[in-house]
Structures are given as C-alpha cells and as structure tokens.
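# Structure assessment
For reference, the chains in residue letters:
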Amino acid sequence: MSQFFAKNNMSELFKVCKPHMEGRDLLRWKELIKKGNTIELHDQLSITFSSYLHCLGLEKFLTADDIADRTANILEAIPKPLFQRFSYLISSDKTRMFKLIKQMRSDAQQVILERYEEISNNPDEPIPKMDMLGYLIEANKSNDGKELNEPEFVVESVVDDVITVCLVMDNMVKQVCALLMFLNDVPEIQEKMFAELRAQPINQMEDLNKLKYTEKCILESLRMGPALLRGTRNYKCKKKRFGPYIINTGSVRIHFSEYVMQHNPQWWSNPKKFDPERWQPGFVPQAFSYMPFYTGARGCLGKHMAMMLMKLTLSVWRKTSRWNKSSMSRSPLSLTRTWQS
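Everything in this summary refers to the structure shown in the same document. If you're wondering where the values come from, they're calculated on a predicted model, not measured in any experiment. Throughout, residues of each chain are indexed from 1 in the direction in which the sequence is written. Restriction of local features to residues with pLDDT of at least 70 applies here, the model being predicted, together with a cutoff of 80 or more for giving and counting side-chain atom pairs; totals for whole chains, interfaces and linings are based on all residues. In computing side-chain values, all of the structure's heavy atoms are included and hydrogens and water are not.

If you tally the helices and strands in the protein chain, you get 13 helices and eight strands. Think of it in three bands: residues with accessible area under 20% of the maximum for their type are buried, residues over 50% are exposed, and the middle band is partly exposed, with areas taken using a 1.4 Å probe on protein chains only. Relative to its full complement of 341 residues, the protein chain shows a buried share of 46%. Sequence-distant contacts, at least 24 apart, represent 65% of the contacts inside the protein chain between residues at least 6 apart. Approximately 18900 Å² of the protein chain is accessible, and the part contributed by carbon and sulfur atoms is 54%. Each helix is a run of H or I in the DSSP string that is no shorter than four residues. Each strand is a run of E no shorter than two, and both are numbered from the N terminus. In this analysis, two residues are considered to be in contact whenever any of their non-hydrogen atoms come within 4.5 Å of each other. To be clear on the numbers: accessible area is Shrake-Rupley with a 1.4 Å probe, and residue cover counts the displayed protein chains and nothing else.

This is how it looks when you write it as structure tokens:
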C-alpha cells in the first residue's frame, strides 16, 4: 500500500484529481454560490474531499455527500474530554456511533468483495496506478508475502482501511478550515498567499511545488491548529530511565499532545503567532516538536497526498471565487462566496 502513497506517485494522482476538481466538483460549488446562500465551509469541503475517493477506485461506494455526512456523524459521536469517557460507555452516543459504523462497513463490504473477486479472477491483469482499492486488497492478501490470508479476513481488513481513509479525509477538511481561519486574522499574509495562488498556473504536479508561500502557510497551520491534538504509543521495555523517571514494567502507554509540543516556547519562538516565514528553506524543527502527521516508522503514509490535495483545492478556489474578512463567521465556519469568471 505504501507504493500508492509514495511521493513519486503523486504526479499520477494529480492527473486524476485535477480534472475532477476543475470539473464536477467546481460545478457543484458554482451552483451553491449562484443560490446566494451562506455556505457552511466544513460541510461543503467534506463533500469535496470525500469526492476525491471516487477517483481512487471507490466510485461504486457511497456518494460523496453520504461519505461526508456519515463521517461527520461518527466523529461527532466520539467523546472528546477524558472525564466524559465513563458516561460515554453507557450513552446513546456510543450506540449511535456503532450503528453508523456498522452501516458504513456493510456498504463498503459489498464493493470491496466485488473488487476482490475481480482481481482474483484476473491475476495477470495489472492493477491501475490510481486504484487505491486494488492496492489495499493486494496489501492485505498476505502478512508475510508467502501465506495467503482467507478472503473474509482480506475483505474485513480492507473495510477497516477504507473507513480509516474516510476519516483521514475529514482531517484534511479540518486543516483547510483552520488555515482559512488563521488567515482571516492576518489579512496581509492572506493576500500574499492568495496572490500566489492566483498568479501560478497549475497544469502539472510540478506547478504545485512552486506554491512555496502557500506551503509555508499550510505547514504553519498544521503547527498552530493540527487536526489531531493528541496521540498514544505503546512502548515495551523492562527497566528504562526516561529523564528523572524509571519505568519498570513490561509495557507502558505513552500519551502525548501534538498541540502542546508544537506550541512549546522551548522549541518555537513566539509560538502563538501565525508566522509562515519561520518555514524558510533548510529549517528543520527539533525532533518530535512537530508531528502533524506523526513521525518515524508510524508516520502517516498519506501525508504527501494530503499536501497535494490541499494545495490543489486551494488553488482552484482562488481562481474561481473570492471572500472578504467580513464574510467569514467564527462558528460554524461559513463563507459568503462570490463566483468569478
């Protein structure tokens, strides 16, 4: 599966996603804007990013609207504060979330089973480069590259992966929303980024790499408001010293917060300031002080895809619409947008 998300595969992904973004999805935005209503940014962005899945071998899955709606409902049902965890176990929210996940898994199973049988019946036919579903199936066929897993196991494993990808798309939505809110408070930075997006033609993947200032703004928004605020890692050890502490147990679960580390003044000067200029060429953050996609062997495989899709979406937007500081509300995220020919 890693070969699908590899950085050198992004050019092929771009060739599929750009026509989709400039075609069907852009028409959808145009119709929304023509109605003259205030647009709920998160909701409509969720549909945009969910629709990208239809370019990646999941066109027979749920509609983009359904994926966005179900993903949002699942995430809303997940408890956030730790002190609510016990009450959550016996709450209607838990029942609702499990029902939504079960329904979404059931819808995914049929699509995945059909693709699995198609691949199994045509073993000599190569998987298309942009068939993410095909790569997921191949990646789960064997754990060691020798012994094949049972078809039921493969399908269930791929269902897990597809649901995960749907949830990850929502992280991209949150990040673009966070970026726009940060820019709303610094109009000079906003205009500089928008000017770059308007001026740079985007015809191939290499053109996205020329959006240097836009990338700085995205990286800074990932630092200031990461979509994932905390994480955990299980660490196995016998007896080991961590700073002033001695861990003497078979395993330990380490909880950490990306948000806290990315706002630590020990590693970041003026950490509460949205400052894209800190991301100058050659700048490398202190190890583990910047982990919006995690890091190391457990780092996010989809980070290159995430950066590419966020840049592409922002670029198309700036060439077709505009918004003013006064048109954006704080909660919920809303924009009154105007179509530009």
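On to a negative patch on the surface, then. A cluster of acidic side chains, namely D43, D65, D66, D69 and E76, defines a negative patch on the protein surface. In terms of residue count, the dominant contributor to the negative patch is helix α4 (residues 64–77) (four residues). Secondary-structure assignment places D69 in helix α4. What goes into a patch is any residue over 30% in relative accessible area without a salt bridge, connected to like charges within 9 Å or, for nonpolar side chains (Val, Leu, Ile, Met, Phe, Trp, Tyr), within 5 Å. Salt bridge, as used here: a side-chain nitrogen of Lys or Arg that lies within 4 Å of a carboxyl oxygen of Asp or Glu. The charged-residue count follows a simple rule in which Lys and Arg add positive charge and Asp and Glu add negative charge, with His and chain termini not counted at all. Charged side chains are reduced to one point each, which is NZ for Lys, CZ for Arg, CG for Asp and CD for Glu.

Residue position: F274 is located in the loop between α12 (258–261) and α13 (303–318). Its relative accessible area of 7% is what places F274 among the buried residues. As for F274 and R223, which are separated by 51 residues in sequence, their C-alpha atoms are 9.0 Å apart. Residues within four places of F274 in sequence aside, it is in contact with L179, F182, L183, V186, I189, C217, E220, S221 and M224.

The next point concerns a nonpolar patch on the surface. Taken together, L229, Y259 and V260 make up a surface patch of nonpolar side chains, about 290 Å² in accessible area. In this structure V260 comes out as exposed when scored by relative accessible area, which is 55%.

A word on the pattern of salt bridges. Scanning the model with the defined rule gives 17 salt bridges in all. Between D107 and R70 there is a salt bridge whose closest N-O contact spans 2.5 Å. Here D107 is found in helix α6 (residues 92–121), whereas its partner R70 is found in helix α4, with 37 residues between them in sequence. Judged by its relative accessible area of 14%, R70 is buried. Note that E215 is salt-bridged to K311, the shortest N-O span being 2.5 Å. One end of the pair, E215, is in helix α11 (residues 212–224); the other, K311, is in helix α13, and 96 residues separate them in sequence. Given the relative accessible area of 5%, K311 is considered buried.

Our next topic: the packing of aromatic side chains. Each pair of aromatic rings taken from Phe, Tyr and Trp, with Trp reduced to its six-membered ring, is defined by centres within 6.5 Å and is described as stacked if the planes are under 30 degrees apart, edge-to-face if over 60, and tilted in the remaining cases. Applying the stated rule across the entire model yields eight aromatic pairs. Aromatic side chains W268 and F283 sit 6.0 Å apart centroid to centroid with 65 degrees between the ring planes, which places their arrangement in the edge-to-face category. Pair noted here: W268 is in the loop between α12 and α13 and F283 is in the loop between α12 and α13, with a separation of 15 residues, a long-range link. Residue W268 is classed as buried on the basis of its relative accessible area of 2%. Ring-pair connections join several aromatic residues into one group, and the members of that group are W268, W279, F283 and Y290.

This next bit is on the state of the cysteines. Whenever a pair of cysteine sulfur atoms sits within 2.5 Å, that pair is classed as a disulfide. For the structure on display, the rule yields zero disulfides. Lacking any disulfide linkage, C17 is separated from the closest cysteine sulfur, that of C55, by 4.9 Å.

Our next topic: helix α7 (residues 132–140). Among the nine residues that make up α7, seven are buried, leaving the element largely enclosed by the rest of the structure. Looking at α7, one finds that the buried residues are M132, L133, G134, Y135, L136, I137 and N140.

Once that is clear, we can look at the environment of E206. Here E206 shows up in helix α10 (residues 205–208). On the accessibility criterion, E206 (42% relative accessible area) is partly exposed. Residues E206 and F14 lie 192 residues apart in sequence; the distance between their C-alpha atoms is 9.9 Å.

Here is the key point about a regular strand: its side chains alternate between the two faces of the sheet. For strand β3 (residues 239–242) and strand β4 (residues 245–248), the ladder comprises four bridges, and the chain directions are antiparallel. Note on β4: the bridge partner recorded for R241 is I246. Taking the residues that link successive antiparallel strands as the turn, the β3-β4 hairpin has two residues, and the phi of G243 there is positive, at about 60 degrees. Two strands pair if DSSP finds at least two bridges between them.

Linking W268 and Q286, residues 18 residues apart in sequence, is a C-alpha distance of 9.0 Å. Contacts of W268, omitting those with residues within four sequence positions, involve R223, M261, Q262, H263, R278, W279, F283, P285, S289 and Y290. Whenever two N or O atoms come within 3.5 Å, that pair is a polar contact, provided that in protein one can donate a hydrogen and the other can accept it, and provided that, for residues adjacent in sequence, both atoms are side-chain atoms. One polar contact links the side chain of W268 to the main-chain carbonyl oxygen of M261, over a distance of 3.4 Å. Engagement of the side chain of W268 in a polar contact is seen with the backbone oxygen of S289, the distance being 3.4 Å.

To form a nonpolar core, buried Ala, Val, Leu, Ile, Met, Phe, Trp, Tyr and Cys residues must be joined to one another through side-chain atoms within 4.5 Å. Among the nonpolar cores identified, the biggest contains 83 residues, and F49, F61, M132, V162, M305, L309 and L312 are the most heavily contacted of them. Top contributing element to this core by residue count: helix α8 (residues 151–184), with 16 residues.

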